[in-house]
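In case you want the letters, here they are:
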Amino acid sequence: MSEKIEEPQQKGNLEVEEAEHHEHADEISPELEALLKTDPKHGLTTAEAAERLARFGPNELAEVKRNPLLKFLGYFTGAIAYLIEVACIISAVVEDWLDFGIILALLIVNACIGFIEESKAESALDALRQTLALKTRCWRDGHLVELDVSALVPGDIIVLRLGDIIPADGRLLGIGATGEATEGDLLIDQSALTGESLPVAKNKGKTVYSSSIVKQGQQMAVVTKTGGDTFIGRAANLISITTEEGHFQKIINRIGNFLILITVVLVLIIMVYQLVHFKDDRRGKFMVVLGQVLVLTVAAIPVGLPTVMSVTMAVGAKQLAAKKVIVKRLTAVEEMASVSVLCSDKTGTLTLNELTFDEPYLSNNYTSDDILLYSYLAAEAGANDPIEFAVRTAAEAQLAILQGRTHKHEVPGFKVTSFLPFNPSTKLTQATITNLTTSSTFKVAKGAPQVIIKLVGGDDDAVRAVNSLAKRGLRALGVARTVEGNMDKWELIGMISLIDPPRPDSAETIRRCNDMGVAVKMITGDQLIIAKEVAHRLGMQRVMLDAGHLVDSTKSEEEVTEHVIRADGFAHVIPEHKYRVVELLQKRGILVGMTGDGVNDAPALKKANVGIAVHGCTDAARSAADIVLLAPGLSTIVDGLVTSRAIFQRMRSYALYRITSTVHFLMFFFVVVMAYDWSLPPHLLILICILNDLATLVIAVDNAQISQHPDKWRIGQLITMSIVLGALLCALSFAHFYIFWKVYGYEPKNSPHGKDVTPEMKVPDELRKLESIMYLHISSAPHFVIFSTRLTGYFWENLPSPIFAVVIIGTQIIALLMVIFGGLTPKVPAGQAIVVLLISFIYFIVLDVVKVQIFKRWSFKLTATFVPTNARRTKLSERNAAEIQQKRVWESIDQVRKVAVMTAVVSSFAEKSAVVEEETK
């Protein structure tokens, strides 16, 4: 609510407190300083420029491009990929061309999905280069010439004018293009570099940064730094060194390493055993044994794991694209689900990056509409000034008198008869106005608060109001007019307050992120007081710290990290600081998201697990990010969180299913191969592998249970659960194996395979019915388990999507028909086949109960006990210490409560005793 002063203004001698602008200090070495003594009227000579160009290099950012072919080949790396490639090579060696073709196709399909989805990503360094000016005016050999920006060197004298993109870091000289002294400051918009919402006034001796924009004034400057040494160049260097392996790739590799370990160990044991045991037989030939273990290896390893994961993420990326969220790096879809801290730039991300009219301070019974009208009358039409633009925009939006005008520069009922534009020495604009209704004339002045207060003869209340606004980070602008009938006597109308306001949806987005377990931290290059004011308006806590805490040499890295975790944000940061915040959080094992729009955000966007560039961002931010928002505001980030968590649940359920299947497969066949030299024919093993994995691709469109907290890959839990479920499946497999062998007489007989096998050596179909029974069982029992692995709770709590259920069940009906009618397998009675399928379906319900009970009893302590590592032991001891400390705190609180209750009881008893005693008297 606007503050109105009813009584006459109070005169006084209070002074307006000047807001101090804190700016990053640029260090210049003595050697470089010696090169900056160039004569401004002459500039460098051609020879000097050539010598310095050879020494410092061109004023451009080093280009680092990755070969597209190498990028494509990069999708063939990783633990699982390497094992599949080895299997592919072995299949070629043993001339198993069917396996070779299938495996090679899976590898290529997986690589193509990743490559195509990420092919639109651009180089962040290219975009940084494009933000630089292309040409600049520079003094060389006594002449003002136009040069390519890349030709600038330290010591060059450049001319900066309104609208110029500054081509290199430089120091202002305080003189104009022809050597004349200049009045006033150069107004610089460096929001894309530093995150400051307001243009910064700079005068002689101050540093201007490459890629910032001149908004007002003109001056010459001497170039101090070029190329990679500039402020923006250091940001580029930070981006180029950020090449860490993604979180998702680490998880896939850990799963792959486990599966590879058990597969290779068991397969090698089988291979050695058969080579030794059957050394005098055809079955002991190296190529025969190699072919057999190859089939087991291909069937065991999750050849479809990378493909299913990629397709699931690609479908999620498509869903997000429909919500104006473009995914550039496919694995970011999964990683976003695990983000627990979202670091957000302020200017242009949480705020609109445009000055707007806020609640004004009013004096002498003037209204909010009055101060807007008089400000508009004293505004310079067409001035390229953000403050003037904010005033004009607010007035045109709120004042009815300015609606529906024929001429945009006229105000109905008023005529501007003279106008004095803003002068840096007077620090105000002044207009003489005629009221066309009353024919009276008056003057309006608008300018710096201290100047306007002095103009009206002083006003202590106004000074206090301005100082109060300044302490909240609001820019104030005084407005006054002359009184009726006296053109020399001024009275104060009030103080306009201007701020870069939060986006309309920012507060709600932060609240929804907090509800989903994601903490939001504001990281800004703006002033601390402005950061606190914006945080207050967004409903955030005001624990905002100066960036100096991040580089405090008196504190250990552990202490600095604690500051980062506990703080709600940081102010006065430069790109290196933003990068360090993200880095420190990641070292604590926290997955970090970063949102931003400027060049100053690019390094942190690249470093973060998930970098999010907002609508209207610079090319540099867009290229450094993993996700780009096409719609204004941050509300789509919540859509991204919801979608990514759904995708995570699908991927985790598939991973649990696939590891369980592998464990079951290896345990069962290891025993039966070693004990009975029996296995399923190669074509049936490959059929199980391919058909079931292709069917599970529909998990990408399955219903998912959205977690209210950041998801996390608990590898220890995942593997332990898989081993338990795999062992129970193995028990069912042995039951089928022995029952159909011992009860129904289906003996475990293998028909030999290979080029040297004669028709006489083959076993008749009638004696190989166990193949059909075990094929149907091994195809269906693990496959139905995916209905259970979808959730941590009971399967009926969130039923699968119809298409998912139909495809999974349909796959096993195909297997059922195959064994009933024969063809690829020997025929078996329909009744037996249907019973096998029903048992598999019912058994998944039993396993579902086991799964739920394990999840209920699982804890980090259990993980640290079963799979102990140094990190887990340390974390467990820290948690135990924290629990003990928390217990002591609650005990102390309980003791205080008891004392308080006892005190209250005693006090009450004493009061009652006093009352009784009084009544007795």
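Our subject is the structure listed above.
Report follows, based on the coordinates.

Parameters and conventions
Position numbers for residues count from 1 along each chain, tracking the sequence in the order it is written. Only residues with pLDDT of at least 70 get local features here, since the model is predicted, and only at 80 or more are side-chain atom pairs given and counted; chain-wide, interface and lining totals rely on the full set of residues. Hydrogens are left out, water is left out, and the side-chain values use all remaining heavy atoms of the structure. For patches, a residue must show more than 30% relative accessible area and have no salt bridge; joins then use 9 Å for like charges and 5 Å for nonpolar side chains, namely Val, Leu, Ile, Met, Phe, Trp and Tyr. In short, Shrake-Rupley with a 1.4 Å probe defines the accessible areas, and a residue's cover is counted only from the protein chains shown. Put simply, a salt bridge is a Lys or Arg side-chain nitrogen that is within 4 Å of an Asp or Glu carboxyl oxygen. Working definition: helices are DSSP H or I runs of at least four residues, strands are E runs of at least two. Numbering for both runs from the N terminus. Only protein chains enter the area calculation, which uses a 1.4 Å probe; residues under 20% of their type maximum are buried, those over 50% are exposed, and those in between are partly exposed. Only buried Ala, Val, Leu, Ile, Met, Phe, Trp, Tyr and Cys residues count toward a nonpolar core, and they belong to the same one when joined by side-chain atoms within 4.5 Å. Contacts are residue-level and defined by heavy atoms, with any inter-residue pair within 4.5 Å sufficient. Two strands pair under a simple rule: DSSP has to find at least two bridges between them. Lines fitted to C-alpha atoms define the axes here, with helix axes fitted over just the stretch in contact, and angles between the N-to-C directions of these axes take values from 0 to 180 degrees. Two aromatic rings, drawn from Phe, Tyr or Trp (for Trp, its six-membered ring), form a pair once their centres lie within 6.5 Å of each other, and the interplanar angle then sorts them: stacked below 30 degrees, edge-to-face above 60, tilted otherwise. A ring is considered to have a charge above it if a Lys NZ or an Arg CZ atom is located within 6 Å of its centre and within 35 degrees of its normal.

1. Let's talk about a nonpolar patch on the surface
Move 1: A grouping of I809, I813, L817, F821, I834, L838, F841, I842 and I845 is seen on the molecular surface, where their side chains present a nonpolar patch of about 800 Å² in accessible area.
Move 2: Breaking the nonpolar patch down by element, the ones donating at least two residues are α29 (802-821) and α30 (830-857).
Move 3: The element best represented in the nonpolar patch is α30, accounting for 5 residues.
Move 4: Following the sequence through the fold, L817 ends up in helix α29.
Move 5: Assessed through its relative accessible area of 42%, L817 is described here as partly exposed.

2. Description of the nonpolar core
Move 1: I255, F668, F669 and W713 are the most contacted members of the largest nonpolar core, which totals 138 residues.
Move 2: Ranked by the residues each element gives to this core, the list is headed by helix α24 (residues 635-676), at 18 residues.
Move 3: With residues near it in sequence (within four places) discarded, I255 still touches L305, A655, I659, W713, I715 and L718.

3. A short note on the pattern of salt bridges
Move 1: According to the stated counting rule, one finds 19 salt bridges in the structure shown.
Move 2: Its salt-bridge partner being E33, residue R171 comes within 2.8 Å of it at the nearest N-O pair. A residue pair is termed long-range when its members are at least 10 positions apart, and R171 in strand β5 (residues 169-172) and E33 in helix α1 (residues 30-33) qualify at 138 residues.
Move 3: In this structure R171 comes out as partly exposed when scored by relative accessible area, which is 21%.

4. Digging into the sheet that holds strand β24 (residues 610-613)
Move 1: The strand order β11-β25-β24-β23-β12-β20-β22-β21 describes an open sheet built from 8 strands, whose pairing is mixed. Of all strands in the sheet, those bounded by a partner on one side alone are β11 (325-327) and β21 (544-546). Within this sheet the neighbouring strands show an average axis-to-axis angle of 20 degrees, counted without direction.
Move 2: Of the pairings in the sheet, the one linking strand β20 (residues 519-523) to strand β22 (residues 569-571) comprises 2 bridges and is parallel in character. Paired with I523 across the two strands is F570, which belongs to β22.
Move 3: On the sheet, helix α20 (residues 557-566) packs against β20, β21 and β22 and is oriented at approximately 110 degrees with respect to β20.
Move 4: Sheet contacts for helix α21 (residues 575-587): β12 (341-345), β20, β22 and β23 (592-596); angle to β23, the most-contacted strand, approximately 165 degrees.

5. Quick notes on the sheet that holds strand β8 (residues 207-208)
What links the strands of a sheet is backbone hydrogen bonding, and the strands pair in either a parallel or an antiparallel sense.
Move 1: The strand order across the open sheet formed by 6 strands is β3-β2-β4-β10-β5-β8, and the pairing between neighbours is antiparallel. Either end of the sheet is taken by a strand with one partner, and the two such strands are β3 (143-148) and β8.
Move 2: Taken together, the 2 bridges between β5 and β8 define a ladder with antiparallel strand orientation. By the bridge assignment for β8, R171 is matched with T207.

6. Some words on the packing of aromatic side chains
Move 1: Applying the stated criterion across every chain, the model contains 28 aromatic pairs.
Move 2: Summarising the aromatic geometry, the rings of Y676 and W741 are spaced 5.2 Å apart at their centres and angled 85 degrees between planes, so their arrangement reads as edge-to-face. Remark: W741 occurs in helix α26 (residues 715-742) and Y676 occurs in helix α24; sequence separation between them is 65 residues.
Move 3: Seen from their ring centres, F841 and F844 are 5.3 Å apart, and the 75 degrees between their planes marks the pair as edge-to-face. Taken together, the residues span about one helical turn, with F841 and F844 both in helix α30 at a distance of 3 residues.
Move 4: According to the relative accessible area criterion, F841 is partly exposed, its value standing at 33%.
Move 5: Among the aromatic residues, those joined into a ring-pair cluster are F665, F668, F669, Y676, W678, F734, F737, Y738 and W741.
Move 6: In this arrangement the basic side chain of R481 is found over the ring face of F442, its NZ or CZ atom lying 4.1 Å from the centre.
Move 7: In this arrangement the basic side chain of K742 is found over the ring face of W741, its NZ or CZ atom lying 3.8 Å from the centre.

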